[in-house]
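Descriptive analysis of the structure
One letter stands for each residue in the lines below.
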Amino acid sequence: MKEIISIVHAYNSIDFSSTRAVLATVARVEGSSYRRTGARMLVLDNGNYLGGISGGCLEGDALRRAQKAMVLNKPSIVTYDTTEDDSQQVGIGLGCNGIIDVLFTPLDPVNLNNPVRLLSGLTTTRMPRAVVSITDCDNTLNALGKTLLFENEQQFISSFHENTFAAAVGKDVANCLADETSRTITYTHGLQTIKVFIEIIVPVTRLIVYGSNYDIYPLIRVTRELGWEVNVVTNISKADKALFSLASKVIPLDKTGDLIADHYTAIILMAHDYNTDFDNLQKVLPNTASYIGLLGPRKRAQKMFDHLSGEGRGISKEDERRIFAPAGLDIGATTPEEIALSIAAEIRSHFAGRNGMSLRLRRETIYGD
């Protein structure tokens, strides 16, 4: 989402009376690739660009392809194949060993289906959303590059560019939303064929930090760099001025009712005071945040759990799964900066459904697709 937000901000600053732009989007990946589907690059007619579709090996050629799309004023799809030992192939010899489809779409500020305009409405979403793009089709269909936001199956079927395939695509979009997985799918009906990129865009990770000590600052900095939304709950009268520029929001202790913690929210209790952390734990347990982290040794957290059990409010099995105490991955962290890194990495691995081990120990491919 960070890349999408950056591209939307850059797009909104373009003077289209004198500037043309193209959006390059990775629509399909087979094998290995530095970037995955959904990676984007905004290209201007002066050669400047924002974002990226690879680790640098394809960007030069992508700039040329984008310029061509501007001149022709029509979308195009380009396949980069680095699996063949062909010295003429862009990206060969760089070790990617993958096949990548990139969709180049000229941006028309008047077009309601302009992909950046569609994406701009999703930057604050708190639920998974689906954007559907046609990345290949028969010339007779004239639908390459058409993009549509999925609201519901009825809306989608009535609005999709190709009625013949609308029901089948709508069903697959619903399935992709259910498991939050983007897919490229080819559909055939008679002599007609289309390829569709179904991209699932999930909300920005929301982090809520309860605390005011110096060690919250490294955590705020590293997570903001990741593009997360960071809310800090603290005593504002004692807060350093720097906090207001670093955090997305600073919430007074008596305004915590205004906080919204959903499935894409992580909470860290960092007061370092047992009673304060215990009180805050009781406040956050009823919400639906999928990650709750506690600092300090395991026995400190267990004392809290035992206290709740003694009052007839024992920790449920679901709460056991979402409470991480001590918070963070085991990387030998000792300084506030290292601890922040370990906590941020654990939160990321939790939301990704991964266990945070070394990649060299992973039997599957890096991305697992």
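The paragraphs below set out a description of the structure included in this document.

The rules behind the values
Residues numbered from 1 in each chain as written. Predicted model: local features only at pLDDT ≥ 70, side-chain atom pairs only at ≥ 80, totals over all residues. Heavy atoms only, no water. Core = buried A, V, L, I, M, F, W, Y, C linked by side-chain atoms within 4.5 Å. Buried < 20%, exposed > 50% of the residue type's maximum accessible area, 1.4 Å probe, protein only. Helix = DSSP H or I, 4+ residues; strand = E, 2+ residues; numbered from the N terminus. Contact = heavy atoms within 4.5 Å. Phe/Tyr/Trp six-rings, centres within 6.5 Å; stacked < 30°, edge-to-face > 60°. Pairing = 2+ DSSP bridges. Axes fitted to C-alpha atoms, helices over the stretch in contact; angles between N-to-C directions. Expected span 1.5 Å × (residues − 1). Arc of directions from axis to C-beta. Parallel < 35°, antiparallel > 145°, perpendicular 65-115°, else oblique. Left-handed = near helix turned anticlockwise from the far one by under 90°. Nonpolar A, V, L, I, M, F, W, Y, C, P; charged D, E, K, R; others polar. 1 Å grid on protein atoms, 1.4 Å probe; cavity = no way out; pocket = protein on both sides within 12 Å on 5 of 7 lines; lining within 4 Å. Points joined across faces, edges and corners; volume = space filled by probe spheres on them.

With that out of the way, let us pick up the nonpolar core. Counting residues in hydrophobic clusters, the biggest one holds 23 residues, and the most contacted among them are Leu207 and Leu243. Only strand E10 (206-210), helix H6 (216-225), strand E11 (229-234), strand E13 (265-269) and helix H11 (336-352) provide two or more residues apiece to this core. A total of four residues in this core trace back to one element, the largest contributor, which is H6. Residue contacts for Leu243: discarding those within four places in its chain leaves Ile216, Tyr217, Ile220, Val232, Thr234 and Val250.

All chains considered together, the criterion is met by five aromatic pairs. Pairing Tyr11 with Phe16 gives two aromatic rings, centres 5.2 Å apart and planes at 55°, and the pair type is tilted. Ring centres of Tyr291 and Phe324 lie 4.4 Å apart, and the angle between their planes is 15°; this geometry places the pair in the stacked category. Highlighted residues: Tyr291 in strand E14 (residues 291-294) and Phe324 in strand E15 (residues 323-324), separated in sequence by 33 residues.

In spatial order, the strands read E3-E2-E1-E5-E4; together these five strands make up an open sheet with antiparallel pairing. Pairing within the sheet leaves two strands with one partner each, and these edge strands are strand E3 (49-51) and strand E4 (76-81). Direction aside, the axes of adjacent strands within the sheet are offset by 20° on average. As paired elements, strand E2 (residues 40-44) and E3 share three bridges and run antiparallel to each other. Each bridged residue has a counterpart across the sheet, and for Leu42 the counterpart in E3 is Leu50.

The next subject is helix H9 (residues 298-310). Its 13 residues place the ends of H9 18 Å apart at the C-alpha level, agreeing with the 18 Å of an ideal helix rising 1.5 Å per residue. What H9 keeps buried is the set Arg300, Ala301, Met304, Phe305 and Leu308. For H9, the angular spread of buried residues about the axis comes to 140°, placing them on one side. Summarising the geometry of H9, the exposed residues directed more than 90 degrees from the buried face are Arg298, Lys299, Lys303 and Gly310. Those residues of H9 that are buried are in contact with helix H8 (274-284), E14 and E15. Trailing H9 by a residue or two, Gly312 shows a phi angle of about 75°, which is positive.

A few words now on the sheet that holds E15. Strand order across the open sheet formed by six strands is E12-E11-E10-E13-E14-E15, with parallel pairing between neighbours. In this open sheet, the two strands that pair with only one neighbour each are strand E12 (249-252) and E15. Across the sheet, H8 lies against E10, E13, E14 and E15, angled at about 160° from E13, the strand it touches most. Packed on one face of the sheet, H11 meets E10, E13, E14 and E15 and runs near 150° to E13.

Let's shift gears to the packing of H6 against H11. Look at H6 against H11: their axes get within 8 Å of each other, and the N-to-C directions meet at 45°. Comparing the axis directions of H6 and H11 gives the class oblique. Between H6 and H11 lies a crossing of right-handed hand. Contacts between H6 and H11 involve Pro218, Leu219, Val222 and Thr223 on the former and, on the latter, Pro336, Glu337, Ala340, Ile343 and Ala344. Across the contact of H6 with H11, the residue classes break down as seven nonpolar, one polar and one charged.

Taken N-terminus to C-terminus, the directions of H8 and H9 make an angle of 55°; their axes are 11 Å apart at the nearest point. Viewed along their axes, H8 and H9 adopt a mutual orientation that is oblique. Considering only the axes of H8 and H9, their crossing is right-handed. In this structure, H8 contributes Tyr274, Asp277, Phe278, Leu281 and Gln282 to the contact, and H9 contributes Arg300, Lys303, Met304, Phe305, His307 and Leu308. Classifying every residue of the contact of H8 with H9 gives six nonpolar, two polar and three charged.

Quick look at empty space enclosed by the protein now. Applying the stated criterion across every chain yields a total of two cavities of 30 Å³ or more. Each pocket or cavity is described by its volume, and for the largest cavity that value is around 110 Å³. Along the walls of the largest cavity sit Leu23, Thr25, Arg40, Leu103, Thr105, Pro115, Leu119, Val131, Ser133, Thr147, Phe197 and Glu199, which together make up its complete lining. Elements that contribute at least two residues to the lining of the largest cavity include exactly strand E1 (21-31), strand E5 (98-106), helix H3 (115-120), strand E6 (129-137) and strand E9 (192-201). Partitioned by chemical class, the residues of the lining of the largest cavity number six nonpolar, four polar and two charged.

The next point concerns the pairing of E6. The buried fraction of E6 amounts to eight of the nine residues, a majority that puts the element mostly inside the structure. Here eight bridges tie E6 to E9, and the two strands are oriented antiparallel to one another. Bridging from a neighbouring strand, Ile134 pairs with Val196 of E9. Taken together, the four bridges between E6 and strand E7 (residues 147-150) define a ladder with antiparallel strand orientation. Each bridged residue has a counterpart across the sheet, and for Ser133 the counterpart in E7 is Thr147.

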